[in-house]
Amino acid sequence: MAEAPATIKVIIDNIPVDVAPGTTILQAARMIGGDVTPPAMCYYSKLEGSGGKCRTCLVEVSKGSEKDPRPMPKLVASCRTGVMDGMEVKSMTSDKVLDARKGVTEFLLLNHPLDCPVCDQAGECHLQDLSYEHGGAGTRYEFDRRTFDKEDIGPYIQLHMTRCIMCYRCVYTAQQLTDQREHGVLDRGDHSTISTCIGKALDNEFIGNVIDVCPVGALTDKTFRFKNRVWFTKPVDAHRDCPTCSGKVRLWMRGNEVFRVTARKDQWGEVEEWICNDCRFHKKEASDWTIEGPSVVNRHSVISQGHYRGVASPSQVQNLMPEIMGRDPKFLLNIHEVSDVNRPQVDLSKIGGPAHGTNFLPNLHTDDV
């Protein structure tokens, strides 16, 4: 019997990548990164069984493999479809995929309330990002939205079932991370709800992690509820010696006050290490933690606005160009000598602070210099 190859080659949006056998299309796309990566609202790499429910990660397989080059007849969920050697996939380069994502986004927003101005998830909501990047400008839905009665599920977690998109992440988290799962999916079809059985409370030692995995504002932190907007706070990485968990967290601070404690997340919005309830809900003093430094936040996020880590030199700015643009710049043009705007003897890039009127010519005539 021939041995399986160590790696197989797959092409996504004309970009080749070598992956291990058993890798899904979504995982292969994440290895490439950038816009090639399909969005995912239900898939979570750390939760067994997740994925295949939201359909936002649909892609087009234009070539099945080298052995069978026929395209797949329908769009497939990239989080559930394994790659094959020689497979060619279209994500952002397929009009059918973009149209399907637009339709899925519209479907997810059918019953979702338009309460972003008062939702604690605003600013870090994956559904907001999905609707901005893949959604449409309007909706064709003309009926009343689905609503639910308020339900108290514990002292620390607030459930807003009207915002839930039934991704099942919280159910998998409670089932796989805690000793006893107290909540789950009740009823079927459009009557399905996330709820507890006979009014029980979510009070397990690690149950607070359901807040971090929720992609929308369906599960929020009662200790942070309505206290501040996330973009007004500054995220910093911190740690403590915790006997229950790793103690590695992200503090959301304003001044010296800790407003919220969450787990650290990677570039895909997934928790790096689970944290316990004691770290999350009870350690709200800066003295409880050892501050490591500012968290690295995607510059496209509203959370990054106004958070500066120091003045960058011209050489540092030039080195950051590939990171900011997502690719290497084709060329950089020095217009210092040909601009006819600034004084020739003043190099604007070497000014310590902002430029002032004295750094520029009073008019376009060099006689006035």
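For the structure, see preceding data.
Everything quoted here is computed from the prediction, not taken from an experiment.

The rules behind these values
- Residues numbered from 1 in each chain as written.
- Predicted model: local features only at pLDDT ≥ 70, side-chain atom pairs only at ≥ 80, totals over all residues.
- Heavy atoms only, no water.
- Helix = DSSP H or I, 4+ residues; strand = E, 2+ residues; numbered from the N terminus.
- Buried < 20%, exposed > 50% of the residue type's maximum accessible area, 1.4 Å probe, protein only.
- Contact = heavy atoms within 4.5 Å.
- Areas by Shrake-Rupley, 256 points an atom, 1.4 Å probe, with all protein chains shown as cover.
- Pairing = 2+ DSSP bridges.
- Axes fitted to C-alpha atoms, helices over the stretch in contact; angles between N-to-C directions.
- Core = buried A, V, L, I, M, F, W, Y, C linked by side-chain atoms within 4.5 Å.
- Salt bridge = Lys/Arg side-chain N within 4 Å of Asp/Glu carboxyl O.
- Arc of directions from axis to C-beta.
- 1 Å grid on protein atoms, 1.4 Å probe; cavity = no way out; pocket = protein on both sides within 12 Å on 5 of 7 lines; lining within 4 Å.
- Points joined across faces, edges and corners; volume = space filled by probe spheres on them.
- Nonpolar A, V, L, I, M, F, W, Y, C, P; charged D, E, K, R; others polar.
- Parallel < 35°, antiparallel > 145°, perpendicular 65-115°, else oblique.
- Left-handed = near helix turned anticlockwise from the far one by under 90°.
- Disulfide = S-S within 2.5 Å.

Student: What exactly am I supposed to notice about the overall build of the chain here?
Tutor: When helices and strands are counted, the chain shows 7 helices and 14 strands. Within the chain, the proportion of its 369 residues that are buried is 43%. Considering only contacts in the chain between residues 6 or more positions apart, those separated by 24 or more positions represent 61%. In the form shown here, the chain has an accessible surface area of approximately 21500 Å², with 51% of it arising from carbon and sulfur atoms.

Student: For this particular structure, what's the right way to read the sheet that holds strand β4 (residues 76-77)?
Tutor: Strand-to-strand pairing in sheets goes through backbone hydrogen bonds, with the strands running parallel or antiparallel. With mixed pairing, 5 strands are arranged side by side in an open sheet as β2-β1-β5-β3-β4. Edge positions in the sheet fall to β2 (15-19) and β4, since each of these pairs with one other strand and no more. Summarising the sheet, strand β3 (residues 58-63) and strand β5 (residues 87-90) pair through 3 bridges and their orientation is antiparallel. Looking at β5, one finds that Lys 63 is bridged to Glu 88. Most of the contacts of helix α2 (residues 95-108) go to β3, to which it runs at about 160°, and overall it touches β3 and β5.

Student: Looking at this structure, how should I read the sheet that holds strand β13 (residues 257-263)?
Tutor: The 4 strands are arranged β13-β12-β11-β14 in an open sheet whose pairing can be described as antiparallel. Both edges of this open sheet fall to β13 and β14 (290-294), since each of them pairs with a single strand only. Direction aside, neighbouring strands of the sheet carry axes that sit 35° apart on average. Judged from the 6 bridges that link them, strand β12 (residues 248-254) and β13 form a sheet pairing that is antiparallel. Residue pairing in the sheet places Arg 250 in a bridge with Thr 262 of β13.

Student: Teacher, can you tell me more about the pairing of β12 here?
Tutor: Both faces of the sheet carry side chains from a regular strand, because those side chains alternate between them. Counting buried positions along β12 yields 5 of 7 residues, so the element is predominantly enclosed. In this sheet, β12 lies alongside strand β11 (residues 234-239) in antiparallel orientation, the contact comprising 6 bridges. From the neighbouring strand, Lys 234 faces β12, where its bridge partner is Met 253.

Student: Help me understand the nonpolar core, please; the structure alone is not making it clear to me.
Tutor: Generally speaking, soluble globular proteins have nonpolar side chains that are buried together. In this structure, Leu 127, Ile 157, Val 216 and Leu 219 are the most contacted members of the largest nonpolar core, which totals 31 residues. Put simply, the parts of the chain that give this core at least two residues each are α2, α3 (126-134), β7 (157-159), α4 (169-177) and α5 (209-213). Among all residues touching Leu 127, those that are not within four sequence positions of it are Met 41, Leu 108, Leu 109, His 112, Ile 165, Pro 215 and Val 216. By size, the runner-up hydrophobic cluster in this structure holds 21 residues, among which are Leu 47, Val 213, Val 249 and Ala 263.

Student: What is the right way to read the pattern of salt bridges from this model?
Tutor: Opposite charge on two side chains permits pairing when their charged atoms draw close. Overall, the coordinates contain 12 salt bridges when judged by the stated rule. The shortest N-O distance in the salt bridge between Arg 70 and Asp 68 comes to 2.9 Å. By relative accessible area, which is 32% here, Asp 68 ends up partly exposed. Between Arg 260 and Glu 124 there is a salt bridge, and its shortest N-O distance comes to 2.8 Å. Separated by 136 residues along the polypeptide, Arg 260 in strand β13 and Glu 124 in the loop between α2 and α3 bring together distant segments of the chain.

Student: Help me understand α3, please; the structure alone is not making it clear to me.
Tutor: Residues spaced three or four apart along an α-helix face the same direction, because each turn holds 3.6 residues. Those residues of α3 that fall on the buried side of the exposure criterion are Leu 127, Leu 130 and His 134. Buried residues in α3, looked at end-on, bunch into an arc of 65°, giving them a common side. Within α3, the exposed residues directed more than 90 degrees away from the buried face are Tyr 132 and Glu 133. For α3, the elements touching its buried residues are α2.

Student: Sorry, what's going on with empty space enclosed by the protein here?
Tutor: To find leftover empty space, one rolls a probe the size of a water molecule over the atoms. Counted by the stated rule, this structure contains 3 cavities of 30 Å³ or more. Approximately 100 Å³ is the volume attributed to the largest cavity. Every residue lining the largest cavity is counted, 15 residues in all, and those nearest its centre are Cys 164, Cys 170, Cys 214, Ala 218 and Leu 219. In terms of residue class, the lining of the largest cavity is made up of 14 nonpolar, no polar and 1 charged.

Student: I keep staring at the packing of α2 against α3 and nothing clicks. Help me out?
Tutor: How two helices pack is summed up by the angle between their axes together with the distance between the axes. α3 packs onto α2 with a crossing angle of 140° between their chain directions and a minimal axis gap of 9 Å. Classified by the angle their axes make, α2 and α3 are oblique. Between α2 and α3 the crossing geometry is left-handed. Mapping the contact onto sequence places Arg 101, Lys 102, Thr 105 and Leu 108 in α2 and Leu 127, Leu 130, Ser 131 and His 134 in α3. Split into classes, the residues belonging to the contact of α2 with α3 amount to 3 nonpolar, 3 polar and 2 charged.

Student: Can you help me understand the state of the cysteines in this one?
Tutor: A covalent bond bridging the sulfur atoms of two cysteines is what the word disulfide describes. Counting across every chain of the model gives 0 disulfides. Cysteine Cys 54 shares no disulfide, and the gap to the nearest cysteine sulfur, in Cys 42, comes to 3.5 Å. No disulfide involves Cys 242; its sulfur sits 3.6 Å from that of Cys 276, the nearest cysteine. With relative accessibility at 14%, the residue Cys 242 sits in the buried group.

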